[in-house]
Amino acid sequence: MNLNLHGSAIPSGLTRRARSFVSVHGVKVDVPPVEEHRQWWLDRDVPAEVIDSMAAFQQRWGGLVLPPSPMYNGGPRYLSVDSAEASEEDGWSFEAGVQRAAVPYSFRIGPSGEFGIRADRWFPLHASVEGWVESLALSHHAAFWARQVTKVTGREVDGLDLDGFEPVREVRGLADTWWRGADSLVAVYTGEAEACSWPAGRTAWIYSGLDAWGLRAGVED
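Being a predicted model, the structure only gives us computed values, none of them experimental.

Asker: For this particular structure, what's the right way to read the side chain of T190?
Answerer: In this structure, T190 sits in the loop between β11 (184–189) and α6 (191–195). Using a relative accessible area of 11% as the deciding quantity, one classes T190 as buried. Within the structure, T190 has its side chain in polar contact with the backbone oxygen of A175 (distance 2.5 Å). When sequence neighbours within four positions are dropped, the list of residues in contact with T190 reads A175, D176 and R202.

In structure tokens form, the structure reads like this:
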């Protein structure tokens, strides 16, 4: 276990905010390399290129433990490769980490590296694992600096006025997105509602009363 993540121990490609978040709040536990099980996967008709993607994920992200997400019952307990499977509609994906609590879906990495959830259907939340980590970092940062935090759900989410807001690009949002206004940040989570056919599960968190540091923490587009 590595309790002091810094320098090369933190995956590249993250913003200053996310690197600080991982360094201060993350730890890394030992997980087995995929190469130990490559033949096992090959024997079960998992394509070699999918196993290569699993190995790259495990080397880069495997064992990373981060604080819980405000949604998805906290997200994965830690990042680690597990079952690979294919569907005719979505192609190959593999598990990105076990759940912290009982939820009706798994956390998976899609065929193009997307981070998402799969219940009866696959729904990518972010275009990459980096996007998921950036979203975690931003939710932690915004909650600390906001003067007020408001949660809205279901139909109330559709009534949000985001005119004048801009997307927060570093989260690489797909089903889940972040928006930046003059003095507030808004996180909109729709993945769980879509994956589970549960419209009432649409949720937005509004972080209000932010100054320039609270809005960006030194991160520029």
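Asker: Would you explain the pattern of salt bridges in this entry?
Answerer: A side chain with one charge can pair with a side chain of the opposite charge if their charged atoms come near. Scanning the entire structure with this criterion turns up twelve salt bridges. Taking the shortest distance from any N to any O, the salt bridge between R202 and D158 comes out at 2.8 Å. Here the residue R202 occupies a position in the loop between α6 and β12 (203–208), and D158 occupies one in helix α5 (residues 155–158), the gap between them amounting to 44 residues. Classification of D158 by relative accessible area gives exposed; the value is 53%. What you see here is one network of salt bridges that share partners, running through R17, E134, E166, E170, R180, R216 and E220.

Asker: Looking at this model, I keep getting lost on helix α1 (residues 16–25). Mind explaining?
Answerer: Side chains three or four residues apart in an α-helix point the same way, a direct result of the helix having 3.6 residues per turn. By the burial criterion, the buried members of α1 are R17, A18, F21 and V22. Looking straight down α1, one finds its buried side chains confined to an arc of 130°; they lie on one side. Exposed and facing more than 90 degrees away from the buried side of α1 are R16 and V24.

Asker: Can you help me understand the packing of aromatic side chains in this one?
Answerer: Per the counting criterion, the structure on display carries ten aromatic pairs. Ring centres of Y72 and Y189 lie 6.4 Å apart, and the angle between their planes is 75°; on these two criteria the pair is classed as edge-to-face. Of this pair, Y72 sits in the loop between β2 (64–65) and β3 (84–87) while Y189 sits in strand β11, placing them 117 residues apart in sequence. On the basis of relative accessible area, Y72 is assigned to the buried category, the value being 2%. According to the relative accessible area criterion, Y189 is buried, its value standing at 3%. With centroids separated by 5.7 Å and ring planes inclined at 90°, the aromatic side chains of Y105 and F107 adopt a geometry described as edge-to-face. With respect to burial, Y105 and F107 carry one shared label: buried. Three or more aromatic residues joined by ring pairs make a cluster, and in this case those are Y72, Y105, F107, F115, W132 and Y189.

Asker: How do you make sense of a nonpolar patch on the surface when you look at a structure like this?
Answerer: There is a patch of nonpolar side chains on the surface, built from F144, W145 and W213 and spanning about 360 Å² of accessible area. Of note, F144 is situated in helix α4 (residues 129–145). Here F144 falls in the exposed class, since its relative accessible area comes to 61%.

Asker: What am I meant to see in the pairing of strand β6 (residues 115–118) here?
Answerer: As a general feature of sheets, a regular strand has side chains that alternate between the two faces. Here β6 shows no split at all, with F115 and I117 on one side and G116 and R118 on the other all buried. Bridge analysis of strand β5 (residues 106–109) against β6 gives four bridges, and the strand direction is antiparallel. Within β6, the residue paired with S106 across the bridge is R118. Direction of pairing for β6 relative to strand β7 (residues 122–126): antiparallel, over a ladder of four bridges. Residue pairing across strands places I117 opposite F123, the latter belonging to β7.

What counts and what doesn't
Residues numbered from 1 in each chain as written. Predicted model: local features only at pLDDT ≥ 70, side-chain atom pairs only at ≥ 80, totals over all residues. Heavy atoms only, no water. Helix = DSSP H or I, 4+ residues; strand = E, 2+ residues; numbered from the N terminus. Buried < 20%, exposed > 50% of the residue type's maximum accessible area, 1.4 Å probe, protein only. Polar contact = N/O pair within 3.5 Å; in protein donor to acceptor, adjacent residues only side chain to side chain. Contact = heavy atoms within 4.5 Å. Salt bridge = Lys/Arg side-chain N within 4 Å of Asp/Glu carboxyl O. Arc of directions from axis to C-beta. Phe/Tyr/Trp six-rings, centres within 6.5 Å; stacked < 30°, edge-to-face > 60°. Patch = residues over 30% accessible without salt bridge, like charges linked within 9 Å, V, L, I, M, F, W, Y side chains within 5 Å. Areas by Shrake-Rupley, 256 points an atom, 1.4 Å probe, with all protein chains shown as cover. Pairing = 2+ DSSP bridges.

Honestly, it's all geometry; don't read function into it.
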